[in-house]
Every structure is written in structure tokens, then in C-alpha cells.
Amino acid sequence: MSWLPNDYFRDQRKPNWCPGCGNYATLVALRQALCDLQIDPASVVIVGGIGCGANLPYWMDTYSLIALHGRAIPTAMGVKLANPKLHVIVVAGDGDTYGIGLGHFIHAIRNDVNITLLVGNNGVYGLTKGQASPTAKKGQMTPSTPRGLLYDPLNPLALAITTGCRFVARGYAGDADQLADLMKQAINFDGLAYIDILQPCVKYNKNFGYPYYQDRVVDLQKTAHPVQNRMMALDAALRVEEKIPTGILFLEPK
Ligand code: SF4
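Residues numbered from 1 in each chain as written. Predicted model: local features only at pLDDT ≥ 70, side-chain atom pairs only at ≥ 80, totals over all residues. Heavy atoms only, no water.

Q: Could you give an account of the pairing of strand E8 (residues 193-198), with specific residues and numbers?
A: In terms of residue burial, E8 counts as a mostly covered element, since 6 of its 6 residues are buried. Of the two faces of E8, the one holding Ala 193, Ile 195 and Ile 197 and the one holding Tyr 194, Asp 196 and Leu 198 are both buried throughout. Alignment of strand E4 (residues 116-121) against E8, held across 6 bridges, turns out to be parallel. The residue of E8 that forms the bridge with Gly 120 is Ile 197. By the bridge criterion, 6 bridges tie strand E7 (residues 167-172) to E8 in an arrangement that is parallel. Directly across from Val 168, in E8, lies its bridge partner Tyr 194. Crossover connection from E7 via helix H6 (residues 176-188) to parallel E8: handedness right-handed. (Buried < 20%, exposed > 50% of the residue type's maximum accessible area, 1.4 Å probe, protein only. Helix = DSSP H or I, 4+ residues; strand = E, 2+ residues; numbered from the N terminus. Pairing = 2+ DSSP bridges. Right-handed = clockwise from strand over helix to strand, strands pointing away.)

Q: Give a detailed account of the pattern of salt bridges, specifying residues and quantitative values.
A: The final tally for this structure, using the stated rule, is 5 salt bridges. Measuring nitrogen to oxygen at the nearest pair gives 3.8 Å for the salt bridge that ties Arg 230 to Glu 252. Residue Arg 230 is found in helix H8 (residues 230-237), and its partner Glu 252 is found in the segment after strand E10 (244-251); the two are separated by 22 residues along the sequence. With relative accessibility at 26%, the residue Arg 230 sits in the partly exposed group. (Salt bridge = Lys/Arg side-chain N within 4 Å of Asp/Glu carboxyl O.)

Written out as C-alpha cells, the structure reads:
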């Protein structure tokens, strides 16, 4: 039997994201990646957290569950431990993963559990109307920081690289083809594979929308970036202003 992209799509109702939300690209790319790999939908479990993007499993015709806020990663680890044959994919947001779930993010990397971790990164808590998330920019004005955020943002890719993650990548919602390709490599990776996805929130974070990223993203795989060099990966992860590297930053096969 061969699978088509729509075989992974539960179409009883349409996604309720805002028009233009970056989550659509993640949904399309994930369906494409699973289809290209010809993975049986019945062998896939998608674990969402709490947030706009974490609702993605509602629209996938695979097994899925929604965990508590910040607990998508340990829930996924439990699923994988119970049945290692399953493809277990976490879909959660930056607030969920890098805020309340940060401890799980770090320790899942240390444990190197064989799961795929997709983090939609838009710098805000979109579901609760746009408060600053751990990746919000310094000075950013949001309902929770009306005079501008006082702190520098967390750099989750640098954190993952220095914590020992062996597959660290960044995707961009404006390039669904690249995103699908990264997802395919992540799903096939033997170990924890992590993709941070630049995913504009067109409703609550308009200063960091598609025009902002479009001028800045640079596909590392179109450069001479050595993906197996951890220090060069860290150097790429720390570049977040003028040019923002996308693609695989670091890859260390077992
Ligand atoms: Fe997407 Fe933001 Fe709308 Fe949520 S509020 S659906 S993150 S654009």
C-alpha cells in the first residue's frame, strides 16, 4: 500500500489558526515528510503540548494525544519506551518547550531518546493572546511587557548544542520544502532529533513576521557549513540578528 499526503490529514474540520499563521507550514511539511518516507500513519504518534501549534495533532490522521502544558516531551518519552517501534513526534511551541518545559527539553537531550522534537518558535504565547515567551526579543512590547521586555532571549539551539543534542536544526515556515526535508532527516535519525521552527505569529508578533525573516534566513546546506563540527554549529546558533542560519546546524551520527 502506498500513502498520499492526504492520508495523514484528518479533514473533518479545518485548522482554526489565523490566516497566514506559520503553523500551516508545519502541518503541510509534516504530512509531506511522512508521505515521502511512506510511513504507515498507524505507526505514528504525535504528541502536542498546549498552545496554538500544539493543536496540530487534531488535524493529523495518525495516533495522537495532547499532554499537559510543558509535558509533551516526557509524555512522548513514555510512549516511545512503551513501544519503541512507533514513530513518536512532539509538536509544541516555544513557550511550552522553552518555558515551563525547559527541564524536560534538557534532560530528554541528555537521555537521547529516539523521538522527533518540533518546536514552533514565534516569540509569544499566541493561544493566551501574545504574552512574551522565552524567545521574545529584548525590548519587545507585548501584553505582559507593555514597556518592552527587559531580558535577552533564550537561545534554544545553542542550549541544545551545548547539552549534547546530536541533531540540531532550524526550519522556517516560509520554506515548507526545506522544512519537510529537515523533518524527513529528523524522523529517520537514530536518537533525539530537534528542529526549532521560525514560525511567525501574524496576530501578536507582527514585527517578526515573514518580511523580517525572509531577508535574514540563510540555508546552511547551501554554504560550506561543516555539520559535524560542534563548535561551528554553536557559532551558527549564536548568529541570530543580521543573518539567521537555517537547515542542519549539527549532526552527529551514532
Ligand atoms: Fe498562529 Fe498567532 Fe494566530 Fe496562534 S495567535 S493561530 S500562533 S497567528
